[in-house]
Amino acid sequence: MSGGHYDYSYGRIRDLADAIHGDINKCSTPRESGYDNEFIEPLPAECLDAMRFVAGLLEIASDAAHDVEWMMSDDTGPDTLVRDVAAAKKKLSDLMKVGPQ
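Residues numbered from 1 in each chain as written. Predicted model: local features only at pLDDT ≥ 70, side-chain atom pairs only at ≥ 80, totals over all residues. Heavy atoms only, no water.

1. Some thoughts on the overall build of the protein chain
The helix and strand inventory of the protein chain stands at three helices and two strands. Along the protein chain, helices and strands appear, N-terminal first, in the series α-β-β-α-α. By the compact-globule yardstick of 13 Å for 101 residues, the protein chain is too spread out, its C-alpha radius of gyration being 18 Å. Projecting the C-alpha coordinates of the protein chain onto the three principal axes gives extents of approximately 60 × 30 × 10 Å. Looking at the protein chain residue by residue over its 101 residues, the buried ones come to 23%. When the accessible surface of the protein chain is totalled, it reaches about 6700 Å², and 59% of it is carbon and sulfur. The protein chain carries 10 positive and 19 negative side-chain charges, and their two centres are separated by 7 Å. (Helix = DSSP H or I, 4+ residues; strand = E, 2+ residues; numbered from the N terminus. Rg over C-alpha atoms; globule rule 2.2 N^0.38 Å. Buried < 20%, exposed > 50% of the residue type's maximum accessible area, 1.4 Å probe, protein only. Areas by Shrake-Rupley, 256 points an atom, 1.4 Å probe, with all protein chains shown as cover. Lys, Arg positive; Asp, Glu negative; His and termini not counted. Charge placed at Lys NZ, Arg CZ, Asp CG, Glu CD.)

As structure tokens, then:
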């Protein structure tokens, strides 16, 4: 069946992470405001780092939600979910060690 138990909601979480990454790229350099050739300054590095951290959290959450959805849709089994969530915990632990800079 390939998922569907939760209406593929994990995809919306991934879309949000992708949108944040897009904003990081857009807000990393000066850009035109659209008014009288004014420029908007890039966001501070600390803010961009915080946004990267949040996007990373969302990516991990999306992957884990995907794994639960697939198990609940009988595409994978409980052992696969336990293995995949252990991998997600490792990714989360690694991300927490780095944290926002």
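2. A few points about the side chain of Glu 69
Positionally, Glu 69 belongs in helix α2 (residues 45–72). Buried Glu 69, no salt bridge; nearest opposite-charge side chain is Arg 12, N-O distance 8.0 Å. Here Glu 69 is in contact with Gly 3, Gly 4, His 5, Tyr 6, Asp 7, Tyr 8, Ser 9 and Tyr 10, once residues within four sequence places are set aside. (Salt bridge = Lys/Arg side-chain N within 4 Å of Asp/Glu carboxyl O. Contact = heavy atoms within 4.5 Å.)

3. Side note on the environment of Met 71
Note on placement: Met 71 falls in helix α2. Separated by 69 residues in the primary sequence, Met 71 and Ser 2 have C-alpha atoms spaced 9.4 Å apart. Beyond its immediate stretch of four places on either side in the chain, Met 71 contacts Thr 76, Gly 77, Pro 78 and Leu 81.

4. Considerations on the pattern of salt bridges
Following the criterion strictly, the structure yields five salt bridges and no others. Residue Lys 91 is joined to Asp 63 by a salt bridge in which the shortest nitrogen-to-oxygen separation is 3.8 Å. Residue Lys 91 is located in helix α3 (residues 78–98), and its partner Asp 63 is located in helix α2; the two are separated by 28 residues in the primary sequence. Between Lys 90 and Asp 94 there is a salt bridge, with the nearest N and O atoms lying 2.9 Å from each other. In this pair, Lys 90 and Asp 94 both sit in helix α3, four residues apart, roughly one turn of the helix. For Lys 90, a relative accessible area of 49% gives the class partly exposed. Each member of the salt-bridge network shares a partner with another, and the members are Arg 14, Asp 63 and Lys 91.

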